[in-house]
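Given next are the chains, with one letter for each unit.
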Amino acid sequence: MPSGRLLLRCLYLLLALQAATQAVQAAADGRDPIVVKDPHYGEVLFYFYQEDYFPAIVRLLAARENQQLDDHANEAELLLGGMYLSYGHHLEAADIFERLLADNVAPEIRDRTWFFLAKIWYQRGYIDKSREALSYIERELPENLQREALMLEAQILIAAGDYDAAIARLQNWKGRTEWASYAKFNLGVALVRQGRVDEAARLLDDLGNLDPYNDELTSLRDKANLALGYALLQDGQARAAKAPLQRVRLEGPFSNKALLGVGWADAEMDDYQRALVPWMELRSRNLLDSAVQESMLAIPYAMAKLESISQAADHYLNAIEAFYEEMNRLDRTIQHIESGLFFDNFVNDDPLDSAGWYWHLEELPEGLEARYLFHLLATHEFQEGLKNYRDLSYLHRNLDEWQMNVAVYGNMLETRKEAYAIRLPRVQDALARADLDDMVSRKLEFDSTLNNIEESRDWLALASRSEFDMWGEITSLERTPVLTADIPEADEVGDKISLLKGVLQWNLERDFGDRLWRIRRNVHQTGEALVATQRSRRQIDQTMRLEPLRFDELSNRVYSLAPRIEGTKMRVEDALSKQRAFLQSIAVGELQAQKQRLDIYTVQARFALAAIYDIAATVGDASQ
Amino acid sequence: MTKTLISLAAIAMLLFSISVVAQEDIAPLNADTAMADAMSVQAAKSESRERFRSLDQDVQTLKKEVLDLNRDLFLLEEELLFPANSQVAFFVSMDVGEYFELDSINIKIDGKEVANYLYTARETDALIRGGVHRVHMANLKTGDHELIAVFTGKGPHVRDYRRGATLNFEKGIGAKYLELEITDRVKKQQPEFVIKEWE
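Numbers given for residues are sequential positions, taken from 1 along each chain in its written order. A letter from A marks each chain and a number from 1 marks each ligand, given out in the order of writing. pLDDT decides what is reported in this predicted model: residues at 70 or higher carry local features, side-chain atom pairs at 80 or more are listed and counted, and totals for whole chains, interfaces and linings draw on all residues regardless. Side-chain metrics in this entry use all non-hydrogen atoms of the structure; hydrogen atoms and water are not considered.

Q: Is there a simple way to think about the overall build of chain A in this case?
A: By the criteria applied, helices consist of DSSP H or I runs no shorter than four residues and strands consist of E runs no shorter than two, each listed in order from the N terminus. For chain A, the helix and strand inventory stands at 25 helices and zero strands. The contact definition used throughout considers only heavy atoms, calling two residues in contact when any of these lie within 4.5 Å. Restricting the contact set of chain A to residue pairs at least 6 apart, pairs at least 24 apart contribute 66%. Surface accessibility follows the Shrake-Rupley procedure with a 1.4 Å probe radius. Residue values consider only the protein chains on display as shielding. As displayed, chain A has an accessible area near 31300 Å², and 50% of this comes from carbon and sulfur atoms.

Next comes the structure, spelled out in structure tokens:
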């Protein structure tokens, strides 16, 4: 069904509202990337594009709460509305759209959105809201949607019992498409309801003679012929009814009813021999079909009319037995459905992803129930009910998982609190031992000493330990009394000492600037390390102050969420059981109706059989 | 038994079933006014519709509550497991993806393997369309760290392709987001793998 794609395309357009021309083009394509400015918005899109609406919505709500979507605020809101819609959370979606679509939005987008809301509300039985949403559409929709919208409007009128208005709407229909054919069919049936059989006949006959180009239209043609045939039969036009009934395909889903109808048309014209032909064909078909069930009564009825009394009696007996067995099967099926197992198995067999609105029952569940409930499973009400049941099951599983996680988080938090309480005294002790203030004053002293050294150019202060020792040795040698002796050796040694002293001093003075720079650099790095240590210290102090508060805050959240989960889970369970009861009541009601029909048939068969026995007895008495 | 009795029952049954089978997208009509019991069928349907609507409204309310609850739980989980001051999130994004079809990503932080993620076709498609995948969350100390990401997939001409990218980054105070980006280099007709810090 193309509506899902259309909604996505609509959403792309919505997304592009606030964006530049390029983005609009991207939106029109539907596959080109959207420029993501916040990673959290991109993360929402990651799940959205996979049609995992539930996690996508949760991430969007969380990111919005954390103000992480600032660059995509408007798009995010529209996306949220679209995702709510896709997830089947239509009332919340409508709130968003009503708020956002009020102004500054292109009328085309607004109209499309109202159309989709109207459609979803119609399917969910919110006829009044659906009608209201349609009334907000101001301009003509694109052709494909316009056709659907017109159909929707007519359906709403029909649902409200306003047949004349529906007929008026559909009579203006000009298109020659599948929608046109559906419109004709609906109009035809509406006319039959009004008792305007001749008008209906023209429309249905036209439709019943169309040349279909796909399976859907072929099926619709059969339905039109069937409806027309029975409408004419009901109107007492048995001869005219035969032609449309004979146009129904022999192997299609409507063939049984058509065969039954053809037989009744012949019977109406008192041609029982001919009526038996289609009815006998039905005998070999599936007894689950009500037309086949009815044929089991029609055959002996015709035989009795043809005075084949004993054959008629045999057929009545067979019918009574077959109906009895069928009623037993129906009883067993009703019991199975009432036990709740049918719907539990249905959900258990389903992967329960969060596809939400677009989920559709693709395969009938195994077992007898599905065969009996085939028609019911195709109705909007049952399908939507199943969707809700499925969604509730998803919510229940989701809450189950969170319940386990939250219990783990509670334990985790307690463990962290204990670990923190154990570590805290050790950290406090270590912090007390590390006298940061003393380190800072020592650093400042270093700075001052260095300044003095630089000012006085005290090159000796920057000498290494060996140089300093050497300097001390040289100066002590200088002061040796022997050097004052008036001998040539003393002069020679004195010269050597002066040379050594000069070289050492020269080296120290030469390296003074370099050494001073290195020491200043080291002191500066020490200063930086001290600043970082002070910062860390402040952080540690802050953490020690805030951590208990953080623990308290997290504990409050964990322990307040646990009962919230429990409470919501109980309400989900309650809703699940109500929803199941609702589905069960529809299903059981359908089966009871089938059973009631079989009951009536059985009574009719017994009555007819009794009549045959009476006749036989009377004939026997007379012959004696 | 009369002929009329049977045929009327058939018509009633028939028209009802026509309507049900015919409900495709927009449901056609579903009863016959000519039938005596049509009105009661209609009334039952209307009652059933009201009941459905009331239940649906309950489901809507519950959906909202569970979504809000999930939001709160999601935030709590993140704050508990990855506090903001140590949190580092690694995101994967794709731009175009013409020359590279992503299969998997392997992530190492400071030489230690922390994530190995295999992508489904659906996920890759979501990436190409603009989705961003949070592939890993970690708690890291403040300071310097090294990230190595290895991308595996199909490169140009559908050949097996394996490329790495490295980033040295500094973790400060506050959450940090890193993006592993796959882009197309049109000139070279090759994919390009870049790791950048999300601004």
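From this point, things continue past the structure.
Q: Looking at this model, I keep getting lost on the overall build of chain B. Mind explaining?
A: Counting secondary structure elements, chain B contains three helices and eight strands. Counting only residues that meet the buried cut, chain B has 54% of its 199 residues in that class. Once local pairs closer than 6 in sequence are excluded, the contacts in chain B between residues at least 24 apart make up 61%. Here chain B displays about 9100 Å² of accessible surface, and carbon together with sulfur accounts for 49% of that area. Exposure classes here rest on a 1.4 Å probe applied to the protein chains alone. A residue is buried below 20% of its type maximum, exposed above 50%, and partly exposed in between.

Q: Mind showing me how you'd approach the sheet that holds strand β4 (residues 133-139) of chain B here?
A: Sheet strands pair via backbone hydrogen bonds, and the direction of the pair is either parallel or antiparallel. Residues and elements named next belong to chain B. Only strands that DSSP links by at least two bridges are regarded as paired with each other. Strand order in the open sheet formed by four strands is β4-β1-β7-β8, and the pairing between neighbours is mixed. Two strands lie at the open edges of the sheet, namely β4 and β8 (190-197), each paired on one side alone. Adjacent strand axes in the sheet meet at a mean angle of 15° when their direction is disregarded. Where strand β1 (residues 87-94) meets β4, six bridges bridge the pair, whose relative direction is antiparallel. Bridging from a neighbouring strand, Q87 pairs with N139 of β4. Note on geometry: axes are C-alpha line fits, over the in-contact stretch for helices, and angles between N-to-C directions span 0 to 180 degrees.

Q: How should the sheet that holds strand β3 (residues 112-118) of chain B be read in this particular structure?
A: Residues and elements named next belong to chain B. The antiparallel open sheet is built from four strands, whose spatial order is β3-β2-β5-β6. The sheet terminates laterally at β3 and β6 (160-171), the two strands that pair on one side only. Averaged over all neighbouring strand pairs, the angle between strand axes comes to 20°, with direction disregarded. Bridging between strand β2 (residues 101-109) and β3 involves six bridges; their strand directions are antiparallel. Bridged to K108 within β3 is E113.

Q: Explain the pairing of β6 of chain B to me, please; I cannot follow it from the model alone.
A: Regular strands show a simple pattern: their side chains alternate between the two faces of the sheet. All names here are of chain B. Bridge count for strand β5 (residues 143-154) against β6 is twelve bridges, and the pairing is antiparallel. Paired with K154 across the strands is D160, a residue of β6. With antiparallel pairing between neighbouring strands as the criterion, β5 and β6 make up a hairpin whose turn holds five residues, including H157 at a positive phi of roughly 60°.

Q: Got a minute to help me understand the packing of helix α8 (residues 127-135) of chain A against helix α9 (residues 143-159) of chain A in this structure?
A: A packed helix pair is summarised by two numbers, namely the angle formed by the two axes and the spacing between the axes. All names here are of chain A. α9 packs onto α8 with a crossing angle of 140° between their chain directions and a minimal axis gap of 10 Å. Taken together, the axis directions place α8 and α9 in an arrangement best described as oblique. The way α8 lies across α9 gives a crossing that is left-handed. Every residue of α9 that contacts α8 at I127, S130, R131 and L134 is listed here: A149, L152, E153, I156, L157 and A159. When the residues that make up the contact of α8 with α9 are grouped by side-chain class, the tally is seven nonpolar, one polar and two charged. For classification, angles of less than 35 degrees are called roughly parallel, those exceeding 145 degrees roughly antiparallel, those between 65 and 115 degrees roughly perpendicular, and all remaining angles oblique. Should the near helix be turned counterclockwise from the far one by less than a right angle, the crossing is left-handed, whereas a clockwise turn marks it as right-handed. Gly is put with the polar residues, along with every residue not named as nonpolar or charged; the nonpolar set is Ala, Val, Leu, Ile, Met, Phe, Trp, Tyr, Cys and Pro, and the charged set is Asp, Glu, Lys and Arg.

Q: I keep staring at the packing of aromatic side chains and nothing clicks. Help me out?
A: For any pair of aromatic rings, the description consists of the separation of the ring centres together with the inter-plane angle of the planes. Here a Phe, Tyr or Trp ring, Trp counted by its six-membered ring, pairs with any other such ring whose centre lies within 6.5 Å, and the pair is stacked when the planes are under 30 degrees apart, edge-to-face when over 60, and tilted otherwise. Under the defined criterion, the tally for this structure stands at 20 aromatic pairs over all chains. Measuring from centroid to centroid gives 6.0 Å for F582 of chain A and F52 of chain B, while their planes differ by 40°, and the two rings are tilted. Here F582 of chain A is found in helix α25 (residues 488-623), whereas its partner F52 of chain B is found in helix α2 (residues 38-81) on a different chain. Taken together, W264, Y272, W279 and Y301 of chain A form an aromatic cluster joined through their ring pairs. Only when the NZ atom of a Lys or the CZ atom of an Arg is both within 6 Å of the ring centre and within 35 degrees of the ring normal do we say a charge sits over the ring. Above the ring of Y87 of chain A, the side-chain terminus of K63 of chain B is found at 4.5 Å from the ring centroid.

Q: Whenever I open this one, the pattern of salt bridges confuses me. Can you help?
A: Any two side chains of opposite charge can pair if their charged atoms end up close together. Residue and element names in this part refer to chain A. Note on definitions: salt bridges are taken to be side-chain nitrogens of Lys or Arg within 4 Å of carboxyl oxygens of Asp or Glu. This model, assessed by the stated rule, comprises 46 salt bridges over all chains. Measuring nitrogen to oxygen at the nearest pair gives 3.0 Å for the salt bridge that ties D511 to R510. R557 serves as the salt-bridge partner of E553, at 3.2 Å between the closest nitrogen and oxygen. With E553 and R557 both in helix α25 and four residues apart, the pair spans about one turn of that helix. For E553, a relative accessible area of 37% puts it in the partly exposed group.

Q: Hey, could you run me through the environment of Y389 of chain A in this one?
A: All names here are of chain A. Position of Y389 among the secondary structure elements: in helix α22 (residues 380-433). With relative accessibility at 2%, the residue Y389 sits in the buried group. Residues Y389 and L260, spaced 129 residues apart in sequence, show a C-alpha to C-alpha distance of 38 Å. Sequence-distant contacts of Y389, defined by excluding residues within four places in its chain, comprise F343, D344, V347, L576, Q579, R580 and L583.

Q: For this particular structure, what's the right way to read helix α3 (residues 121-128) of chain B?
A: An α-helical segment advances 3.6 residues per turn. Residues three or four places apart therefore align on the same side. Those residues of α3 of chain B that fall on the buried side of the exposure criterion are E123, T124, D125, A126 and L127 of chain B. Considering only its buried residues, α3 of chain B is in contact with α3 (39-49) of chain A together with β1, β2, β3 and β4 of chain B.

Q: Can you help me understand the nonpolar core in this one?
A: Soluble globular proteins: nonpolar side chains tend toward being buried together. Definition used in this section: a nonpolar core is a set of buried Ala, Val, Leu, Ile, Met, Phe, Trp, Tyr and Cys residues joined via side-chain atoms within 4.5 Å. Ranked by internal contacts, the top residues of the largest apolar core, which has 203 residues, are W279 of chain A together with L102 and F151 of chain B. The element contributing the most residues to this core is α25 of chain A, with 20 residues. Leaving out residues up to four positions away in the same chain, F151 of chain B has contacts with F100, L102, S104, I105, Y161, R162, R163, A165, L180, I182 and F193 of chain B. One finds W471, L508, F512 and V523 of chain A within the second-largest nonpolar core, a separate group that totals 14 residues.

Q: I would appreciate a short explanation of a negative patch on the surface in the present structure.
A: Residue and element names in this part refer to chain A. Surface patches are drawn from residues lacking salt bridges whose relative accessible area is over 30%; two like charges belong together within 9 Å, two nonpolar side chains (Val, Leu, Ile, Met, Phe, Trp, Tyr) within 5 Å. Residues scored as charged are limited to Lys and Arg (positive) and Asp and Glu (negative), so that His and the chain ends carry no count. Here the site of a charge means atom NZ of a Lys, CZ of an Arg, CG of an Asp or CD of a Glu. The grouping of D486, E489, D491, E492 and D495 at the surface amounts to a negative patch. With respect to the element layout, E492 can be found in helix α25. Its relative accessible area of 47% is what places E492 among the partly exposed residues.

Q: Whenever I open this one, the environment of A322 of chain A confuses me. Can you help?
A: Residues and elements named next belong to chain A. Mapped onto the elements of the fold, A322 is located in helix α18 (residues 309-338). Sequence separation between A322 and M296 is 26 residues; the distance between their C-alpha atoms is 9.0 Å. Filtering out sequence-adjacent residues up to four positions away, A322 remains in contact with L287 and M296.

Q: Could you clarify how one ought to interpret the pairing of β8 of chain B in this entry?
A: Residues and elements named next belong to chain B. Of the strand pairs in this sheet, strand β7 (residues 176-185) and β8 are connected by eight bridges, and their pairing is antiparallel. Counterpart to E181 in the pairing with β8 is V194. Joining the antiparallel neighbours β7 and β8 is a turn of four residues, in which Q189 adopts a positive phi near 55°.

Q: Teacher, can you tell me more about the environment of A319 of chain A here?
A: Residues and elements named next belong to chain A. In this structure, A319 sits in helix α18. According to the relative accessible area criterion, A319 is buried, its value standing at 0%. For the pair A319 and Y601, spaced 282 residues apart in sequence, the C-alpha separation works out to 8.7 Å. Once residues lying within four places of it in the same chain are set aside, the contact partners of A319 are M296 and L297.

Q: Mind showing me how you'd approach the confidence of the model for chain A here?
A: Do not read the predicted coordinates in detail wherever pLDDT is low. Confidence scores per residue from the predictor, reported as pLDDT, run from 0 to 100. Scored by pLDDT, chain A comes out at a mean of 83, with 88% of its residues at no less than 70. When pLDDT is averaged over each element of chain A, helix α4 (residues 53-65) of chain A comes out on top at 94 and helix α2 (residues 21-29) of chain A at the bottom at 33.

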